[in-house]
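The lines below spell out each chain.
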Amino acid sequence: MIIIPAIDLLGGNCVRLHQGDPAQETFYDKDPVQVARRWEALGAKRLHLVDLDGAFRGEPTQMSLVQEIIAAVSIPVEVGGGIRCLETVERYLDAGAAWVILGTAAIQSPGLVSEACRKYSGRILAGIDAKNGKVATDGWVNLTAKTALELAIELKQEGIAELIYTDIGRDGTLTGPNTQALTTLAQSSGLAVIASGGISGITDLEQLRDLHLSGITGAIVGKALYDKRIDLAEAIRVIEG
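Before going into details, it helps to say that this report is about the structure given with it. These numbers come from a predicted model, not from an experiment.

The next point concerns the packing of aromatic side chains. If you walk through the whole model with that rule in mind, you get 2 aromatic pairs. Considering the side-chain rings of W39 and Y226, the 5.5 Å spacing of their centres and the 75° angle between planes classify their relative orientation as edge-to-face. In this pair, W39 is assigned in helix α1 (residues 32–41) and Y226 in helix α10 (residues 223–226), connecting sequence segments 187 residues apart. With a relative accessible area of 5%, W39 lands in the buried category. An aromatic cluster is present here, built from Y28, W39 and Y226 joined pairwise through their rings. Here the basic side chain of R38 rests over the ring of W39, its NZ or CZ set 4.9 Å away from the ring centre. Seen from the ring of W99, R46 lies directly overhead, with NZ or CZ sitting 3.8 Å from the centre.

Here it is as structure tokens:
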């Protein structure tokens, strides 16, 4: 299992939101490029980058900043937020993104998922964001009737090989990951799952690492890093060995 630092962009700044609510924003840094370089210097092997403005508006709004961040580091970057068409997928991949994350599009545009997976095999990730087990879309604003597991099974059939699961109720709360939901999702869907939401310290990461045989391949960490509850270099040494 690898640790993946999160960089969430809102208005050009590096921020964290409490349970995805833009009204509960914590500002961390006005220079996301330097933040990316810092995480790389501390040993991160991958970065998770999200255009929050794009997620809320339904289209990328910080493309140039995302491109600048990708160009500033030598480690692979996964990018999400407002990606709703193949043209945007192609623009991010052409800009150097290693993976593109389809979230809202994963449930609203299955044709896009299958086409993107067919054209860019291995480079399309699915982002499943759930509240009380139900999938949320459009920057977590709208709650659907579909469960995370139902969507995961559908996405596997479309060609997705790895997904990011975020428990919205835990995101930015430091209350620990939803290990039961993560384990069920990984075992029942047969997909590799990256955990996101609620990670508060090294103990949470050790717990997720011990679920590796259940298909948990990575953990996205945000607030705990920025609040210095987790020392990234030490966590990588302990968890990744």
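Having seen the model, we can carry on.
If you look at the biggest cluster of nonpolar residues, it comprises 72 residues, and the most contacted ones within it are I7 and L205. Per-element accounting of this core gives the leading share, 5 residues, to helix α3 (residues 63–72). Residues contacting L205, with those up to four places away along its chain left out, are M1, I3, I199, A219, V221, I230, A235 and I239. Of all hydrophobic cores here, the second largest spans 9 residues; its members include A6, L125, I194 and I220.

Now for the packing of helix α9 (residues 202–209) against helix α11 (residues 232–240). Interhelical geometry of α9 versus α11 gives an angle of 25° and a closest axis separation of 10 Å. Here α9 is positioned roughly parallel relative to α11, judged by the angle of their axes. Handedness of the α9/α11 crossing: right-handed. Residue-level contacts link I202, L205, E206 and R209 of α9 to A235, V238 and I239 of α11. Counted by class, the contact of α9 with α11 contains 5 nonpolar, no polar and 2 charged residues.

Definitions and cut-offs
Residues numbered from 1 in each chain as written. Predicted model: local features only at pLDDT ≥ 70, side-chain atom pairs only at ≥ 80, totals over all residues. Heavy atoms only, no water. Phe/Tyr/Trp six-rings, centres within 6.5 Å; stacked < 30°, edge-to-face > 60°. Helix = DSSP H or I, 4+ residues; strand = E, 2+ residues; numbered from the N terminus. Buried < 20%, exposed > 50% of the residue type's maximum accessible area, 1.4 Å probe, protein only. Lys NZ or Arg CZ within 6 Å of the ring centre and 35° of its normal. Core = buried A, V, L, I, M, F, W, Y, C linked by side-chain atoms within 4.5 Å. Contact = heavy atoms within 4.5 Å. Axes fitted to C-alpha atoms, helices over the stretch in contact; angles between N-to-C directions. Parallel < 35°, antiparallel > 145°, perpendicular 65-115°, else oblique. Left-handed = near helix turned anticlockwise from the far one by under 90°. Nonpolar A, V, L, I, M, F, W, Y, C, P; charged D, E, K, R; others polar.

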